[in-house]
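# Observations on chain architecture
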Amino acid sequence: MKPAQIETFFATLQAANPQPVTELEYTSVFELLAAVLLSAQATDVGVNKATRKLFPVAHTPQQILDLGLEGLESYIKTIGLYRSKARHLMETCRILVERHGGQVPRTREALEALPGVGRKTANVVLNVAFGEPTMAVDTHIFRVGNRTGLAPGKTPLAVEQQLLKRIPAKYLVDAHHWLILHGRYVCQARKPLCHQCAVSACCDFKPKTTG
């Protein structure tokens, strides 16, 4: 994908959705962190269903700790890998209380030091909560980056670095959301909906699907 095509690609996505947001439901930075941690290998819909019951009861690190491990598990048992996620979230809450005054840190290094928080989760928090131009490469973004020719790479980190280099600065803060939504609803894994795609003319993928 050439620079002019990249400009058109993001201008088109921006025009269709000027203020994209995450589909995870949250009302604070901590709730966002917890929701993203729980969303690994799970759908946003499934996570939202669980957190709609959890967050009204426990929406701070100390309140999660007060639930205890079994109490937390009872709220999130519908989410895949819930036992390990519950352990990670409890330990993360303990560190937030003991080392960060119960607040979510604003640096990548401090975020990635939290159990269950890898580079992708840190990127989501930095981008969504703090407005930083980071790129959290999930399966959708990895697929879109490679399939379209926007940012080819063999690893999520390689795709992330290509995206940060190739996307014009004015689109970077929102690009993560546009690409996830595009991959989730249009550029789908098994059969991309090329015939419905507003940016198919910019894309290197051949042959286009026709319906």
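This is a predicted model, so every value here is computed, not measured.

### So, the environment of F142
Within the secondary structure, F142 sits in helix 8 (residues 139-148). Here the alpha-carbon distance between F142 and E112, two residues 30 residues apart in the chain, equals 21 Å. The contacts of F142, once residues within four sequence positions are left out, are V137, G153, K154, T155, P156 and V159.

### Brief notes about the environment of H140
Here H140 lies in helix 8. Judged by relative accessible area, which is 18%, H140 ranks as buried. The sequence separation of H140 and Q188 amounts to 48 residues, and the corresponding C-alpha distance is 7.9 Å.

### Describing the pattern of salt bridges
Per the counting criterion, the structure on display carries 9 salt bridges. For the salt bridge of E7 with K170, the shortest nitrogen-to-oxygen distance reads 3.4 Å. Remark: K170 occurs in the loop between helix 9 (156-166) and helix 10 (172-185) and E7 occurs in helix 1 (residues 3-16); sequence separation between them is 163 residues. Relative accessible area serves as the criterion here: at 59%, K170 is assigned to the exposed category. With a closest N to O distance of 3.3 Å, R184 and D44 form a salt bridge. Of this pair, R184 sits in helix 10 while D44 sits in helix 3 (residues 44-54), and the two are 140 residues apart along the sequence.

What counts, and at which threshold
- Residues numbered from 1 in each chain as written.
- Predicted model: local features only at pLDDT ≥ 70, side-chain atom pairs only at ≥ 80, totals over all residues.
- Heavy atoms only, no water.
- Helix = DSSP H or I, 4+ residues; strand = E, 2+ residues; numbered from the N terminus.
- Contact = heavy atoms within 4.5 Å.
- Buried < 20%, exposed > 50% of the residue type's maximum accessible area, 1.4 Å probe, protein only.
- Salt bridge = Lys/Arg side-chain N within 4 Å of Asp/Glu carboxyl O.

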